[in-house]
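Structural overview
Now for the letters of each chain:
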Amino acid sequence: MSQQPLSEPVPKQREINEVRALPVLPVRDTVLFPHAVLPLTVGRESSVQLINSLGEDKTIVVVAQREARVDSPQPSDLYTVGTSAIVHKVVKMPNQSLFVFAEGLERVRLGEFTQLAPFMRARVSPIPEAILPSSSQIEALQRNVLTLFQQIVAGSPTLSDELSTVAMNIDEPGRLVDFIASSLPSLSTPDKQDTLETLDIRVRLEKINQHLAKELEVQQLRNKIQSEVQDRVQQTQREYYLREQMKAIQKELGEQDEGQRDVDDLKKKIDEAGMPDEVKKEALKELGRLSRMSPMAADYSLTRNYVEWLAVLPWAKTSGAEVDIPKAKEVLDADHYDLEKVKDRILDYLSVRRLKPNMKGPILCFVGPPGVGKTSLGKSIARALGRKFVRLSLGGVHDEAEIRGHRRTYIGALPGQIIQGIRRAETKDPVFMLDEIDKVGRDFRGDPASALLEALDPEQNSTFRDNYLDVTFDLSKVLFITTANMLDPIAEPLRDRMEIIELQGYSEEEKLHIANRYLVPRQTEENGITAEQIEFPEAALRYVIRHYTREAGVRSLERTIGTICRKQARRLAEGKSEKLVVTQEIIQEFLGGIKVRSEGEIEERTQRPGVAVGLAWTPAGGDVLFVEANAMKGKGGFTMTGQIGQVMQESMQAALTWVRSNAAHLGIGEEFFADHDIHIHVPAGAIPKDGPSAGVTMATALVSLLTGKHIHPLTAMTGEITLSGNVLPVGGIKEKVLAAKRAGLSTIILPAENKMNVEEDLTPEQLENATIHYVKTIGEALRVSLPEVAESFAAKTILPPPKESRAEHPPIQPVQPVVAQDKVVTWHS
């Protein structure tokens, strides 16, 4: 229903001068004002009956419903103020509804309802229009309302200009407000009803004034928005028109636009890339889409980047260098000292590749403590092969998309780091180093280690599929090298795909060679001094290695040498130009007191019975481990301290059980264990320790304590024991032997089955000045560490003589036993 105000007053009007009962016509979303004509569509059955029941008296009351959703309104659903109206014309519609023209007469208030069916009838009383005396305030409000209404009509495309003329001809302020309220389509039904019920003309003027001001503001804002949108549309149309003109001009001149030039360049790159047929088909398909796009399209840059990635990858480009085996060996020897196993494996690979150029690249994993040269070895391998070197650090990587890339549907998507590294290398067969593969994380974003399974499998990586490219790329020619400090964090399926090569710690002699050949020249050059200004004698380097660095690698050694070089650089800057020959006194002056325990300290700590020196393996190399035992009056208790793990506690229990079971042979009274408490402690209590290889050390410490005999000076031992007294093999032999050498220990007790490890992993130079005893039982170990006790023990038991080795090399045993290995989380507090 819509309401149309009369353009001029209707000449014939009837007014209600007394209370009388009139039919009530409920209407939805419409308010009829006096002196206005309202076209109504009457469809409800009760309303149709009301219109049909009208006789000569065509007067009705038009009242708005409170809720338009109510289909059968009751008196409580209607407002109490309505408008009396006279029905001028009724038109029957084809759908049985009626079209009624009603003219508003005056405001009325509904009273008692005298009839509810078939239609409502109520008593109504007229509400007379108040006549206010003329005042300047009323006149000002009336003029302001008229001006605002005229502005709204002028700026609205839906309101007729005749409304302004009609409004200007209305002198009465109340009637002007009714006319404007009935003419504004934006005024809500509750606001119109509020205007109808407001009898005070001044208040009515103020309310309509507020509505008009708000409507004018909204209209102006709408016009502004529409104008801006239209301007943008016009600008876009203008640019399109100019661009089409430019295309036509360029076509006449024989020139190409920028978009077409990009397409042609990419087409040329695709033809020259040497792609496989499937990849080329996909690239040309995307290039065709690109050529049909406008450069202003949102997807243009995304599609162009994708095609460019496909075009610039080295699908067929290789290093192409002929492999020279002697030259490669020379490069490896020049860059790294020792590491013979690694160099032999690389030279074997080069030899096979020379005989079979299309062989697949191996997947090597260098495992070793920090500072032994794993990363720098990868660079040397690339230089020896004449290939590009790409390094990717996996430490802290949590997102699987870092490896395989994001799908193109994501904003800012890129290929994974493997494909990006191949692009940087510009060849399909670089040396690709995946550094710190044991530090890969895992969280809700995925598991990067699982994503590496495909890339590091020689049987699968020939069809590696990156999520961004979504086409296969051949990684089989890439020489992948991974590095790790420990194998345990690496997932078993990933470990199975790699060839493990262990890089063990350096001995003192090896560190001395490395310092002379690499570290000293590099640090002198980096600190701006020359070989004529500083000299590192061999004795000084040995002193630094023994007393200021206790590590498997050489990083700390290089930092220490660099500190000495910086001190000399400062002396030169201060005007002291004489050459500096490094001595022990100068080292102590520059670096302070010694940082690592000396041989004298170890000998001093082992002077008391019950203290033994063991050997431990750590991720940073080997280290020495003290085991201290003590006894006191008690009730047979046994205490173990030192933040030790479950396996190490079981080793202590096994050692105590063996000692108690052999107490008579060792000369220990049986009642001793019932009257005393025994306490075993492993110092450095803040450091977690675990593993079975300290069993021999614990048993020896207990025997030394209970017999009151000192252990042989400068003796270290390692090995797992059983309840029957057998000594089982352990792991990390090279690291443990080198740790004993670094600590100045000259006698080393090892399990007999580890003899093969010593012969394979240690050179005669590394075993110099060290006596190694191979034992099969704890009795043999006691014969070396506690000779006096062993004599009495041997008198009551059959004790074979221990095997002694001083840098000897008997034949290698054919089968290597499975060994147990200590695990120490860290070895410095």
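Residues numbered from 1 in each chain as written. Predicted model: local features only at pLDDT ≥ 70, side-chain atom pairs only at ≥ 80, totals over all residues. Heavy atoms only, no water.

**A word on the sheet that holds strand β13 (residues 479–484)**
To keep things clear, this is the line we draw: Whether two strands pair comes down to DSSP finding at least two bridges between them. The helix and strand labels rest on DSSP assignments: H or I over at least four residues marks a helix, E over at least two residues marks a strand, and numbering proceeds from the N terminus. Think of each axis as a best-fit line through the C-alpha atoms, taken over the contacting stretch in the case of a helix, with angles from 0 to 180 degrees between the N-to-C directions.
What the 5 strands build is an open sheet, ordered β9-β10-β13-β8-β14; its pairing is parallel. The open sheet is flanked by β9 (389–393) and β14 (499–502), the only strands paired with a single partner. In this sheet, neighbouring strand axes are inclined to one another by 20 degrees on average, regardless of whether the strands run parallel or antiparallel. Pairing geometry for strand β8 (residues 363–367) and β13, over 5 bridges, is parallel. Counterpart to Phe366 in the pairing with β13 is Thr483.

**Examining the side chain of Gln65**
So the rule is basically this: Any pair of nitrogen or oxygen atoms within 3.5 Å is treated as a polar contact; in protein, a donor-acceptor pairing is required on top of that, and neighbouring residues in sequence qualify only through side-chain atoms on both sides. Note on contacts: a residue pair is in contact if any heavy atoms of the two residues lie within 4.5 Å.
Examined against the element boundaries, Gln65 turns out to sit in the loop between β4 (59–64) and β5 (81–92). There is a polar contact of 2.9 Å between the side chain of Gln65 and the backbone oxygen of Glu67. Within polar-contact distance, the side chain of Gln65 engages the backbone oxygen of Val70 at 3.2 Å. Each residue touching Gln65, except ones within four places of it in the same chain, is listed here: Pro26, Val27, Arg28, Arg44, Val70, Pro73, Asp77, Leu78 and Tyr79.

**Some remarks on a nonpolar patch on the surface**
We apply this condition: Distance thresholds for patches are 9 Å for like charges and 5 Å for nonpolar side chains (Val, Leu, Ile, Met, Phe, Trp, Tyr), applied to residues having over 30% relative accessible area and no salt bridge. Residue-level accessible areas treat just the shown protein chains as cover; the underlying method is Shrake-Rupley with a 1.4 Å probe. For salt bridges, the criterion is a side-chain nitrogen of Lys or Arg within 4 Å of an Asp or Glu carboxyl oxygen. Three exposure classes are used, based on accessible area relative to the maximum for each residue type with a 1.4 Å probe and protein chains only: buried under 20%, partly exposed in between, and exposed over 50%.
Where nonpolar side chains cluster on the molecular surface, the patch consists of Leu221, Ile225, Val229 and Val233 and spans about 330 Å² of accessible area. Examined against the element boundaries, Val229 turns out to sit in helix α6 (residues 201–253). Under the relative-accessibility criterion, Val229 is labelled partly exposed at 38%.

**A few points about helix α17 (residues 508–526)**
Rules: To get the bend at any residue, fit one axis to the seven residues that end at it and another to the seven that begin at it, then take the angle between the two axes.
The largest bend along α17 reaches roughly 50 degrees and is located at Ala515. In the stretch just after α17, Gly528 is the one whose phi turns positive, near 75 degrees.

**Considerations on the environment of Asn209**
Inspection of the secondary structure puts Asn209 in helix α6. Taking relative accessible area as the criterion, Asn209 reaches 17% and is therefore assigned buried. As a C-alpha pair, Asn209 and Asn144 span 65 residues in sequence and 7.4 Å in three-dimensional space. Contact partners of Asn209, with chain neighbours within four places excluded, come to Asn144, Val145 and Leu148.

**A short note on unusual backbone geometry**
A cis amide bond, omega 0 degrees, links Ala117 with the succeeding residue Pro118. Along the chain, Pro118 falls in the loop between β6 (98–115) and β7 (121–126). Phi at Gln643 is positive, roughly 50 degrees, even though this residue is not glycine. Its location among the elements puts Gln643 in the loop between β19 (638–641) and α22 (646–661). With a relative accessible area of 42%, Gln643 lands in the partly exposed category.

**What to know about the pairing of β5**
Two strands pair when backbone bridges link them, and β4 and β5 are joined in this way by 4 bridges, in the antiparallel orientation. Looking at β5, one finds that Val62 is bridged to Thr83. Summarising the sheet, β5 and β6 pair through 11 bridges and their orientation is antiparallel. Directly across from Ser84, in β6, lies its bridge partner Glu106.

**Considering the packing of aromatic side chains**
As a reminder, the rule being used: Think of it this way: a Phe, Tyr or Trp ring, Trp meaning its six-membered ring, pairs with another when their centres are within 6.5 Å, and the plane angle makes it stacked under 30 degrees, edge-to-face over 60, tilted otherwise.
Within this structure, the stated rule accounts for 7 aromatic pairs. Ring plane angle 90 degrees and centroid distance 5.2 Å describe the contact between Phe99 and Phe101, whose orientation is recorded as edge-to-face. For Phe99, a relative accessible area of 25% translates into the label partly exposed. Take Phe101: its relative accessible area is 28%, and that puts it in the partly exposed class. Ring geometry for Phe432 and Phe480: centres 5.6 Å apart, planes at 40 degrees, overall tilted. Separated by 48 residues along the polypeptide, Phe432 in strand β10 (residues 431–435) and Phe480 in strand β13 bring together distant segments of the chain.

**Considering the pattern of salt bridges**
For the structure on display, the rule yields 31 salt bridges. Residue Glu67 is joined to Arg69 by a salt bridge in which the shortest nitrogen-to-oxygen separation is 3.5 Å. Between Asp333 and Lys343 there is a salt bridge, with its nearest N and O atoms 3.0 Å apart. One end of the pair, Asp333, is in helix α10 (residues 325–335); the other, Lys343, is in helix α11 (residues 340–355), and 10 residues separate them in sequence. Given a relative accessible area of 5%, Lys343 falls into the buried group.

**Brief notes about the packing of α17 against helix α18 (residues 538–547)**
To keep things clear, this is the line we draw: Helix crossings are classified by the rotation of the near helix relative to the far one: an anticlockwise turn of less than a right angle makes the crossing left-handed, while a clockwise turn makes it right-handed.
Interaxial distance between α17 and α18 falls to 10 Å at its minimum, and their mutual angle equals 115 degrees. Once α17 is placed against α18, the crossing between them reads as right-handed. For the pair α17 and α18, contact is made by Glu508, Glu509, Lys511, Leu512, Ala515, Asn516 and Val520 and by Glu538, Leu541, Arg542, Ile545 and Arg546, respectively.

**Brief notes about the confidence of the model for the protein chain**
To be explicit about the condition: Along the chain, pLDDT gives the predictor's confidence residue by residue, from 0 to 100.
Per-residue pLDDT for the protein chain averages 82, and the proportion of residues at 70 or more is 91%. In this model residues 4–15 is a low-confidence stretch, pLDDT under 50, and it forms 28 contacts with partners more than four residues away in sequence or in other chains. Confidence drops under a pLDDT of 50 for residues 805–829, and excluding neighbours within four residues, the segment shows 66 contacts in the predicted structure.

**Observations concerning the packing of α22 against helix α25 (residues 695–707)**
Stated precisely, the cut-off is as follows: In this scheme, roughly parallel covers angles under 35 degrees and roughly antiparallel covers those over 145, while 65 to 115 is roughly perpendicular and the rest are oblique.
The geometry of α22 relative to α25 is characterised by a closest axis approach of 9 Å and an angle of 45 degrees between their N-to-C directions. Classified by the angle between their axes, α22 and α25 sit oblique to one another. Crossing angle aside, the handedness with which α22 passes α25 is right-handed. Taking contact as the criterion, the partners of Met648, Ser651, Met652, Ala655, Leu656, Trp658 and Val659 in α22 are, on α25, Gly695, Met698, Ala699, Leu702, Val703 and Leu706.

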